Amino acid sequence: MKIGVCGTGRMGSSIAQRLIAVGHEVGVWNRDMAKTKPLTEAGAKAFASPAELVEACDAIIVMLLNDAASDAVYRGPSGLLKGKLAGKLVIDMSTVRPDTMQTVGPAVLQRGAAFVECPVGGSIGPAREGKLFALVGGEQADIARAKPVLEQLCRRIEHVGALGSGATVKLAVNLPLLVYWQALGEALTICKPLNLPADRLIDILSDTAGTPTAMKGRGAVIAKVLDGQPPGETAFSLSAAKKDLATAVQFARSIHAELPVAASAMACFEQAEVEGLGDADATTISTRWPQRPQAGPKSQI
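Notes on the structure in this doc start here.

Cut-offs applied
- Residues numbered from 1 in each chain as written.
- Predicted model: local features only at pLDDT ≥ 70, side-chain atom pairs only at ≥ 80, totals over all residues.
- Heavy atoms only, no water.
- Axes fitted to C-alpha atoms, helices over the stretch in contact; angles between N-to-C directions.
- Helix = DSSP H or I, 4+ residues; strand = E, 2+ residues; numbered from the N terminus.
- Parallel < 35°, antiparallel > 145°, perpendicular 65-115°, else oblique.
- Contact = heavy atoms within 4.5 Å.
- Nonpolar A, V, L, I, M, F, W, Y, C, P; charged D, E, K, R; others polar.
- 1 Å grid on protein atoms, 1.4 Å probe; cavity = no way out; pocket = protein on both sides within 12 Å on 5 of 7 lines; lining within 4 Å.
- Points joined across faces, edges and corners; volume = space filled by probe spheres on them.
- Buried < 20%, exposed > 50% of the residue type's maximum accessible area, 1.4 Å probe, protein only.
- Polar contact = N/O pair within 3.5 Å; in protein donor to acceptor, adjacent residues only side chain to side chain.
- Salt bridge = Lys/Arg side-chain N within 4 Å of Asp/Glu carboxyl O.
- Pairing = 2+ DSSP bridges.
- Right-handed = clockwise from strand over helix to strand, strands pointing away.

**A short note on the packing of helix H1 (residues 10-21) against helix H7 (residues 140-153)**
Interhelical geometry of H1 versus H7 gives an angle of 105° and a closest axis separation of 10 Å. In this view, H1 runs roughly perpendicular relative to H7, as classed from their interaxial angle. Where H1 approaches H7, its residues Ile15, Arg18 and Leu19 are matched on the opposing element by Val149, Gln152 and Leu153. In terms of residue class, the contact of H1 with H7 is made up of four nonpolar, one polar and one charged.

**Overview of empty space enclosed by the protein**
Applying the stated criterion to the full structure yields one cavity of 30 Å³ or more. As a volume, the largest cavity reaches approximately 40 Å³. Together, Val221, Val225, Pro231, Thr283, Thr284 and Thr287 line the largest cavity. Counting residues per element, the ones that place at least two in the lining of the largest cavity are helix H10 (215-226) and helix H13 (284-291). Of the residues contributing to the lining of the largest cavity, the split by class is three nonpolar, three polar and no charged.

**Considerations on the side chain of asparagine 30**
Along the polypeptide, asparagine 30 turns up in the loop between strand E2 (25-29) and helix H2 (37-41). Taking the relative accessible area as the measure of exposure, asparagine 30 reaches 11% and is therefore buried. Separated by 2.8 Å, the side chain of asparagine 30 and the backbone nitrogen of threonine 8 make a polar contact. Among the polar contacts made by the side chain of asparagine 30, one reaches the main-chain carbonyl oxygen of aspartate 32 at a distance of 3.1 Å.

**Notes on the pattern of salt bridges**
For the coordinates displayed, the defined rule picks out ten salt bridges. Measuring nitrogen to oxygen at the nearest pair gives 2.9 Å for the salt bridge that ties aspartate 279 to arginine 10. Residue aspartate 279 is found in the loop between helix H12 (260-277) and H13, and its partner arginine 10 is found in helix H1; the two are separated by 269 residues along the sequence. Residues lysine 242 and glutamate 273 are paired through a salt bridge, measuring 2.9 Å at the closest nitrogen-oxygen approach. Placement of the pair is lysine 242 in helix H11 (residues 238-254) and glutamate 273 in helix H12, with a sequence separation of 31 residues.

**Description of the pairing of E2**
Among the five residues that make up E2, four are buried, leaving the element largely enclosed by the rest of the structure. Alignment of strand E1 (residues 2-6) against E2, held across five bridges, turns out to be parallel. Bridge pairing in E2 places cysteine 6 opposite tryptophan 29. Handedness of the crossover is the feature at issue here: the chain leaves E1, passes through H1, returns alongside E2, and the resulting connection is right-handed. Here E2 pairs with strand E3 (residues 45-46) via two bridges, running parallel. Residue valine 28 lies in a different strand from E3, and its bridge partner there is alanine 46.

Such coordinate-based values are descriptive only and should not be taken to indicate function.
Dropping the structure here:
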């Protein structure tokens, strides 16, 4: 099958690698064409615009950073909506506001294509291994058409409702985990005077009821960073995490809800980004906090 990947950042590239590995003919596009080079060297074909990608492929997987990027890539002069979409399948895996999916989805459908929103749980490792968690929104017929591709990318596929539902659940999935990374940093801070070895402390905290599954993969990395070792590959950037928290807070306001804990964690991520940590892994927020100078009881972010 000819499958295009529109947006080849960390996740888009990992998804493209998976599609190549399972035998698809893969096309790619990215605003920064340099980011497509490793994929073209692996056998993918690069296209000059989203519209050209659409016309060359049977299905297009969209993986974009935020709502602004989504608007530009769909509605730009050579955007996805300018391509010949009739008969195509578009699967949008971006983590964006629900109303963005509710806007771009119908625009794609009006041009004769099938559209499925499918933000995914998991980072670059699961993406390369085909073990993502799909949170799907859309019509049953479109989802049935997308399922053979999704089954090659995802360990679990959940249809959670109409367009916008997948985005809503994805924000809900990310929110407690991102708050946890900040809370872990605060937990490490109050344990700092004990001078316990980092690996032992992380092991203790990991074997408790309050620890998320993500600690199985990231706990050892956090311990190494606390010991002054390099963190290794970024699985999910701090800037992307901050964006997801900001998107959740903004969406909550649009439905007249408040997320005070998420908003507080977001401010901590924002400050870390200002300090130049945006491209570091999101778990850097956990190691940053105990390493900050403690100014006293009224110290701020």
